[in-house]
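Listed here are the chains, written in short residue letters.
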Protein chains: 2
Amino acid sequence: MPKKATSEENGRLSGTQSIERALLLMREIAAHNRTGSRLLDLASRTGLQRPTVHRMLKCLTVQDMVLQDADTHRYFLGPMVFELGLTAAPRFNLREICHPAMTRIAEATGDTVFLTQRSGLDSVCVDRQEGTFPIKTFTLEIGMRRPLGVGTGSLAILSGLSEEEVKHVIVSNTPRLSEYGLTPTSLQAQVKRAQKLGYAVREMPTLAGVRSVGQALHNQSGIAFAALSVSAISSRMSEKRVAELAALLKNETRFVEKQLANGDRR
Amino acid sequence: MPKKATSEENGRLSGTQSIERALLLMREIAAHNRTGSRLLDLASRTGLQRPTVHRMLKCLTVQDMVLQDADTHRYFLGPMVFELGLTAAPRFNLREICHPAMTRIAEATGDTVFLTQRSGLDSVCVDRQEGTFPIKTFTLEIGMRRPLGVGTGSLAILSGLSEEEVKHVIVSNTPRLSEYGLTPTSLQAQVKRAQKLGYAVREMPTLAGVRSVGQALHNQSGIAFAALSVSAISSRMSEKRVAELAALLKNETRFVEKQLANGDRR
DNA sequence: GCTGCTGGTCCATATTACGGACGGTGTGAC
DNA sequence: GTCACACCGTCCGTAATATGGACCAGCAGC
């Protein structure tokens, strides 16, 4: 019996199937916003039927949430997404709070600095500051979303969660990890190591010759929700320098955490 | 016969009723994101039933598109909106392109500079740069959305559209204009005046004692899609200075238009 | 404790969204 | 030229889904 794809997968009737599907589409489009997505790809990646996807995209296009390139027929996030984002931004001003710290780090190190933020089971790159060193390592685009633990800032966040939450996240993300050259056990080991060190370091598994250091930002209850990290080519990342960078990052994260404690949100 | 509120208002069956409604809700929440919105207000403002609104908000909350304050029960735009906005931003980089021009203007004039962008029948404030003059006139929040023609940058955009489009916009927005102290005929007259002058000027109808000048940005086909504007208290806005500011703005908009023509999108 | 106002939930109903099947368009092979 | 293929887009009968009237629950002010 090939499983009737009806009602609800877990048994509850939510009454919002189409909204859930539309948002699933939006996230899928966002995940490939650089190249854009074709109708068929969206259908297969989301597991929805072509006509359904098409009908929804037509609606989203009319509403300016999605933009279709007239020539290639590819779909991108639309202007309304950007505009709603502008309106939402003031409530999520971590970026502005961290901005001075990030420029300080970029100036001090010459390398590229990233601000990463937790979003459910994922982490999202929220900001990036280039350093002055001529060989740049842009491992992350702003807006990029990846499973928690992939990427060094992301690993720092994961390592700053409670024991059971770490387990929960890794288990939930298991099917997606292999895409990034990770397994649940290898990731669990890396979390352990980061917890021992007090910061996250690693060679990028996806990009040889680049090494990063990450330090988590914690909220008042002491659990991690974001991270600052620095990336550079491995030749600039001796053991000694890594330790120095970790200390520098720790200083800055402490400073930001203090600011957040004083009235600011999050 | 009290009109059965069913099917479709114009006769076409779109097949996406709930997505349209969900997005209507999102826009309504965005329009009041500073104070947040209560369930009943959203229901009455959108014309939807309370249970429908509630069900949708529950779904949107789970998906992080909407955030509900635990104490007040008020609804706000959620973190996912911000994150999707980050991903969409690179395609809509007018803001970055205009940034240098805006700081130049702010430094030269000492007053506050606004970047406004068209979005359908509305205009959205996309960026703001404060000047050094101690009395600030923050007439627009970033992300603020208003009918085209309300606000000086917005008026400059409207005045740069084709004759029939101006008419179409004003007619479509008629019911919303009174809220801002305007009528279709008064707005039409202001458009005429701005077209004659080559720029938009006016006292803020909603805020006495503040005067602004706006100059539109045009795409390659010569139609307006955005505007730069400057606001200050009226005492700093003599006829002579208004003309000077208009010339300054014209220089900068020309410059930005040239950049846009060279390869950059939009 | 009663009244008014709000947020939140239930569930029978019929409206809405689904998706199999088909038409249309553009491209590359020969 | 036309055949084949891959993809985008649309139609429409069907049943699953979203709807909204009715109801419950919490809270503030008389």
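Residues numbered from 1 in each chain as written. Chains lettered and ligands numbered in written order. Predicted model: local features only at pLDDT ≥ 70, side-chain atom pairs only at ≥ 80, totals over all residues. Heavy atoms only, no water.

### Here we look at the overall build of chain A
And then number 1: Counting its secondary structure elements, chain A contains nine helices and eight strands.
And then number 2: A compact globule built from 266 residues should have a C-alpha radius of gyration of about 18 Å, and chain A, at 20 Å, falls within 12% of that.
And then number 3: Seen through its C-alpha atoms, chain A measures out along the principal axes to roughly 55 × 40 × 40 Å.
And then number 4: The buried share of chain A, taken over its 266 residues, is 50%.
And then number 5: Sequence-distant contacts in chain A: of pairs separated by 6 or more residues, those separated by 24 or more amount to 55%.
And then number 6: Surface accessibility of chain A: about 12,900 Å² in total, with carbon and sulfur atoms responsible for 53%. (Helix = DSSP H or I, 4+ residues; strand = E, 2+ residues; numbered from the N terminus. Rg over C-alpha atoms; globule rule 2.2 N^0.38 Å. Buried < 20%, exposed > 50% of the residue type's maximum accessible area, 1.4 Å probe, protein only. Contact = heavy atoms within 4.5 Å. Areas by Shrake-Rupley, 256 points an atom, 1.4 Å probe, with all protein chains shown as cover.)

### With respect to the protein's contact with DNA strand D
And then number 1: Around DNA strand D sit 24 residues, and of these Gln17, Ser18 and Tyr75 of chain A together with Gln49 and Arg55 of chain B come closest.
And then number 2: One of the backbone nitrogen or oxygen atoms of Gln17 of chain A is found 2.6 Å away from a phosphate oxygen of DNA strand D.
And then number 3: Gln68 of chain A places a side-chain nitrogen or oxygen 3.4 Å from a phosphate oxygen of DNA strand D.
And then number 4: If one sorts the elements of the surface near DNA strand D by residue count, helix 3 (residues 50-62) of chain B sits on top with four residues.
And then number 5: Partitioned by chemical class, the residues of the surface near DNA strand D number six nonpolar, 13 polar and five charged. (Near = heavy atom within 4 Å. Polar contact = N/O pair within 3.5 Å; in protein donor to acceptor, adjacent residues only side chain to side chain. Nonpolar A, V, L, I, M, F, W, Y, C, P; charged D, E, K, R; others polar.)

### Examining the sheet that holds strand 4 (residues 122-129) of chain A
All names here are of chain A.
And then number 1: Spatially, the six strands line up as an open sheet ordered 5-4-3-8-7-6, and their pairing is antiparallel. Unpaired on one side and paired on the other, strand 5 (145-147) and strand 6 (200-203) mark the two borders of the sheet. Each neighbouring strand pair of the sheet contributes to a mean axis angle of 30°, computed without reference to strand direction.
And then number 2: Pairing analysis gives seven bridges linking strand 3 (residues 112-119) to strand 4, with the strands arranged antiparallel. Directly across from Arg118, in strand 4, lies its bridge partner Ser123. (Pairing = 2+ DSSP bridges. Axes fitted to C-alpha atoms, helices over the stretch in contact; angles between N-to-C directions.)

### Concerning the domain arrangement of chain A
And then number 1: Once the domains are mapped, chain A shows domain 1 (17-86) and domain 2 (93-261).
And then number 2: Averaged C-alpha coordinates put domain 1 of chain A and domain 2 of chain A at centres separated by 29 Å. (Domains from an automatic or database assignment.)

### Quick look at the relation of the copies chain B and chain A
Two chain copies here: they are related by a rotation about an axis and a translation along the same axis.
And then number 1: Least-squares fitting of chain B to chain A yields an RMSD of 0.1 Å, with the superposition described by an axial translation of 0.0 Å and a rotation of 180°. Put plainly, the chains are arranged around a two-fold axis. It is Gly85 of chain B whose C-alpha, among those of chain B, lies nearest the rotation axis, at 2.1 Å.
And then number 2: Both copies contact each other with a shared surface, as 100% of the interface residues of chain B are interface residues in chain A too. (Least-squares fit on C-alpha atoms with pLDDT ≥ 70 in both.)

### Quick look at the protein's contact with DNA strand C
And then number 1: Surrounding DNA strand C, one finds 24 residues, the nearest of these being Gln49 and Arg55 of chain A together with Gln17, Ser18 and Tyr75 of chain B.
And then number 2: Considering the 4 Å shell around the protein, atoms of DNA strand C inside it are sugar or phosphate in 85% of instances.
And then number 3: A distance of 3.2 Å separates a phosphate oxygen of DNA strand C from a polar side-chain atom of Thr52 of chain A.
And then number 4: Elements that contribute at least two residues to the surface near DNA strand C include exactly helix 1 (17-31) and helix 3 (50-62) of chain A together with helix 1 (17-31), helix 2 (39-46) and helix 3 of chain B.
And then number 5: Residue contributions to the surface near DNA strand C peak at four residues, all from helix 3 of chain A.
And then number 6: Of the residues belonging to the surface near DNA strand C, the class tally is six nonpolar, 13 polar and five charged.

### Digging into the interface of chain B and chain A
And then number 1: With 46 residues of chain B at the contact, the number on the chain A side is 46 residues.
And then number 2: Counting each side, the surface lost to burial between chain B and chain A is near 4,100 Å², with a carbon and sulfur contribution of 69%.
And then number 3: Between the two partners, chain B and chain A, sit two salt bridges.
And then number 4: Of the charged contacts, one joins Glu83 of chain A and Arg145 of chain B as a salt bridge, the two residues approaching to 2.7 Å between their closest N and O atoms.
And then number 5: Along the contact surface separating chain B from chain A lie 13 residue pairs in polar contact (both at pLDDT 80 or more).
And then number 6: Mapped by element, the contributors of at least two residues to the side of chain B that touches chain A are helix 1, helix 3, strand 2 (75-77), helix 4 (79-88), strand 3 (112-119) and strand 4 (122-129) of chain B.
And then number 7: Ranked by residues supplied to the side of chain B that touches chain A, first place goes to helix 4 of chain B with ten residues. (Buried area = accessible area lost by both parts, 1.4 Å probe. Salt bridge = Lys/Arg side-chain N within 4 Å of Asp/Glu carboxyl O.)

### Examining the packing of helix 7 (residues 163-177) of chain A against helix 8 (residues 184-197) of chain A
Relative placement of two packed helices is described by the angle separating their axes and the distance separating the axes.
Residue and element names in this part refer to chain A.
And then number 1: Viewed as axis vectors pointing N to C, helix 7 and helix 8 meet at an angle of 145°, and their least axial separation amounts to 9 Å. The handedness of the crossing between helix 7 and helix 8 comes out as right-handed. Along the contact surface, helix 7 presents Glu163, Val166, Ile170, Thr174 and Leu177, while helix 8 presents Pro184, Leu187, Gln188 and Val191. (Left-handed = near helix turned anticlockwise from the far one by under 90°.)

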